[in-house]
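Summary of structural features
For reference, the chains in residue letters:
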2 protein chains.
Amino acid sequence: MVPAKDVLVGIDMGGTSLRALVVNARNEILSVQKEPTNVAQKSDGLIRDLAGMTEDVIRAAGLRKSQLRAVSIGAPGAVDPERGVVYHAPNLGWDVVPLGENLKKLLRVPVFVENDVNVGVAGEHALGAGQGAQDLVGVFVGTGIGGGIIFRGELYLGTRGAAAEVGHTIVQVDGPRCGCGNRGCIEALASRTAMERDVRAAIRAGEKSCVLKLMEERGKDRMTSNIIQRALKKNDPVMRRVMKRAQYFLGMAVANVVNLLDPECVVMGGGIAERLGEDFVGPIRKTAYENFLRRHDAERVRIVPGALGDNAGPLGAVVLARKRLPK
Amino acid sequence: MVPAKDVLVGIDMGGTSLRALVVNARNEILSVQKEPTNVAQKSDGLIRDLAGMTEDVIRAAGLRKSQLRAVSIGAPGAVDPERGVVYHAPNLGWDVVPLGENLKKLLRVPVFVENDVNVGVAGEHALGAGQGAQDLVGVFVGTGIGGGIIFRGELYLGTRGAAAEVGHTIVQVDGPRCGCGNRGCIEALASRTAMERDVRAAIRAGEKSCVLKLMEERGKDRMTSNIIQRALKKNDPVMRRVMKRAQYFLGMAVANVVNLLDPECVVMGGGIAERLGEDFVGPIRKTAYENFLRRHDAERVRIVPGALGDNAGPLGAVVLARKRLPK
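Residues numbered from 1 in each chain as written. Chains lettered and ligands numbered in written order. Predicted model: local features only at pLDDT ≥ 70, side-chain atom pairs only at ≥ 80, totals over all residues.

When you go through chain A residue by residue, the secondary structure sums to 11 helices and 13 strands. A compact globule built from 327 residues would reach a C-alpha radius of gyration of about 20 Å, and chain A, at 20 Å, matches this within 12%. Projected onto the principal axes, the alpha-carbon positions of chain A cover approximately 60 × 45 × 35 Å. Counting contacts in chain A only where the partners sit at least 6 residues apart, residues at least 24 apart contribute 63% of the total. (Helix = DSSP H or I, 4+ residues; strand = E, 2+ residues; numbered from the N terminus. Rg over C-alpha atoms; globule rule 2.2 N^0.38 Å. Contact = placed C-beta atoms within 7 Å.)

Written out as structure tokens, the structure reads:
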């Protein structure tokens, strides 16, 4: 029997799908739900979806809504956690949406909002691959590359809430153009989007690759983590080369982060890391270790794949909510 | 009248010179001394020099040795502040020297040891250009490029004491070889050593420059900050181009640091910054602002030259000592 008002719901809002889970006071998952994100509607519609999903996932866990203490959300883009406002989330088509306030009106419980990568990193730190580390950096590789910094056990947001933008650190001055407008950001060299760009360029240049065929077979117009995994399994030469190059750049970016912050642990998260695990992280770790200034004790810095998969975000969201709720 | 036991001596140990100063309880400088570093002798000899210099600078301030509460030293290289040990300081020819313990035996007061760049950054934070900032990064450009991080008001050392190595963050994968063995570190692109390499290469390639003549006139075998300043005053085309390129790379490195850490303030220190001030920092700031991910409030991040000059190190050393001494 779960005591009343001790249940939290964590939600990860992605541009493609929403994922909600319910936890008890020990952060044990009681039920999980996933549904596609309907971004065609206005923000009010999507917020109503979140409210409905919260009620569904509580019911699916065999609980009553009166037991819900708070909801905590990881949202893509620029977020003001103090005010629960999503400032700019191009994946959702949102600009300045008071998500916290509006969802609270529907659910009548406290609602917390934080950046989606930050909640993922907080989840891996509290309950996943980074447990026990005082100082930790998370690097999440997906369509973009996001980051999060745990500093002395707490999420570090920076002066303007703009910290941990690992994806927009430049490792190749005058390199390829990034979505942010700059050149040579690690996101423009090693994200899934950058890898797809390089695979397509190689195919256009006449190289043989099964990637486009795999995408067609599976009805995908983008090179998903699943497609990458399948192409690597088939030993696709273009995919292998592009992946190797991305891992090399990621190793440099991780070395930069470690040379600056000297954390105990770097967690590599996101879909590719989840699917490929050590096959993805191993070569990144090798390059990183070679580029640490302090090589003699390089191995004291753990570089590991995330352990929580898609639950990292919603679990991190509830962990952060607990820190903000009165004891 | 200074009350007994309220006087601190701060010392900056450079490979070229030693600088010691005395402060009262309000960190006001009562006297300063500078002498060349005799690195030909063994570590014991240099430690005796430090003891003698401490006694001299106290006497020069009109004080008695009994009023000395502690000595605090900024040492070049890898330092263990907990144990007062200098592990590796190639500029001094030192490997594993228990500086704190040995100097304490001679002076019979507590001796604190910290990395020289860290004390410089702590000085600028507490008493110089970075006053009032909770989160600050210092970037010191000299023969190498060093860094220091102030996080939530305190110096941040990292898990292995290896944090803040701004100079060894890579901004040009496969760029020029750095002294650390890697390629494309900002130190290999924009330190005084890198600038001298580029100036000499241009001259060898037949370009006209007054730099070598200035060095000869002033009896210098290296391109010092003073030579750089003189060459720029004479509008030397090679020096101007090399400086502009170094500033561009430094702007990128500062942008990387800000995109990762989002500090309130970045202090640019070292000899060149001190001599050239805004002429040095202005173009760095411009490039950095253009490469911040959050450009709309770029100007909230102050990027400024250091204000304390050569006193930053010894003053930072005494500030750190005060935090470690019992109240």
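With that settled, the discussion passes to the sheet that holds strand β9 (residues 136-141) of chain B. Residue and element names in this part refer to chain B. With mixed pairing, the 5 strands of this open sheet are ordered in space as β11-β10-β9-β12-β13. If you trace the sheet from one side to the other, it starts and ends with β11 (154-156) and β13 (302-305), each paired once. On average, each strand axis in the sheet is tilted by 25° relative to the strand beside it, whichever way the strands run. Here strand β12 (residues 265-269) runs beside β13; their pairing, made up of 4 bridges, is parallel. Within β13, the residue paired with C265 across the bridge is R302. Contacting β9, β10 (145-151), β11 and β12, helix α3 (residues 116-127) crosses the sheet at an angle of about 50° to β10. (Pairing = 2+ DSSP bridges. Axes fitted to C-alpha atoms, helices over the stretch in contact; angles between N-to-C directions.)

As a further point, take unusual backbone geometry. In this structure, R152 of chain A is a non-glycine residue whose phi angle is positive, near 50°. In the Ramachandran plot, A164 of chain B falls in the positive-phi region, its phi being about 70° despite a non-glycine side chain. Mapping A164 of chain B onto the fold places it in the loop between β11 and α4 (187-190).

Let's shift gears to the sheet that holds strand β7 (residues 94-97) of chain B. Residue and element names in this part refer to chain B. Pairing is antiparallel across the open sheet formed by 3 strands, whose spatial order is β5-β6-β7. One side of each edge strand has no neighbouring strand; the edge strands of this open sheet are β5 (78-80) and β7. Averaged over all pairs of adjacent strands, the angle between their axes in this sheet comes to 15°, without regard to strand direction.

Attention now moves to the packing of helix α5 (residues 192-204) of chain B against helix α8 (residues 237-261) of chain B. All names here are of chain B. Put simply, α5 and α8 touch, their axes get as near as 10 Å, and they point 140° apart. For the element pair α5 / α8, the angle class is oblique. Of the two elements, α5 crosses α8, and the hand of that crossing is right-handed. Counting all contacts with α5, which are made through A194, M195, D198, V199, A202 and I203, the residues of α8 involved are V238, M239, V242, M243 and A246. By residue class, the composition of the contact of α5 with α8 is 10 nonpolar, no polar and 1 charged. (Parallel < 35°, antiparallel > 145°, perpendicular 65-115°, else oblique. Left-handed = near helix turned anticlockwise from the far one by under 90°. Nonpolar A, V, L, I, M, F, W, Y, C, P; charged D, E, K, R; others polar.)

Attention now moves to the relation of the copies chain B and chain A. The second copy of the chain is related to the first by a rotation about an axis and a shift along the axis. Between chain B and chain A, which share one sequence, the superposing operator has a rotation angle of 180° and an axial displacement of 0.0 Å; the RMSD is 0.0 Å. Each copy turns onto its partner about a two-fold axis. Here 100% of the interface residues in chain B have copies in chain A that are interface residues too; the copies meet face to matching face. (Least-squares fit on C-alpha atoms with pLDDT ≥ 70 in both.)

Let us now look at the pairing of β7 of chain B. All names here are of chain B. As paired strands, strand β6 (residues 85-89) and β7 are joined by 3 bridges and run antiparallel to one another. Looking across to β7, one finds that A89 is bridged to W94. Between the end of β6 and the start of β7, which pair antiparallel, lie 4 residues, with G93 showing a positive phi angle near 70°.

How large an interface is tends to be reported as the accessible area lost when its parts come together. Taken together, the contacts link 34 residues of chain B with 34 residues of chain A. When residues in the side of chain B that touches chain A are grouped by element, the largest group, 8 residues, is from α8 of chain B. The residue makeup of the side of chain B that touches chain A, split by class, is 17 nonpolar, 9 polar and 8 charged.

The next point concerns the domain arrangement of chain A. All names here are of chain A. In terms of domains, chain A is made up of domain 1 (7-121 + 311-324) and domain 2 (133-306). Every contact between the two is made by 7 residues of domain 1 and, on the other side, 11 residues of domain 2. Element by element, the count of residues in the side of domain 1 that touches domain 2 is highest for helix α3 (residues 116-127), at 4 residues. Its residues assigned to classes, the side of domain 1 that touches domain 2 comprises 4 nonpolar, 2 polar and 1 charged. (Domains from an automatic or database assignment.)

All names here are of chain B. As paired strands, β5 and β6 are joined by 3 bridges and run antiparallel to one another. Following the sheet pairing, A78 is matched in β6 by H88. Hairpin connection of β5 to β6: 4 residues between the antiparallel strands, including G84 at a positive phi of 70°.

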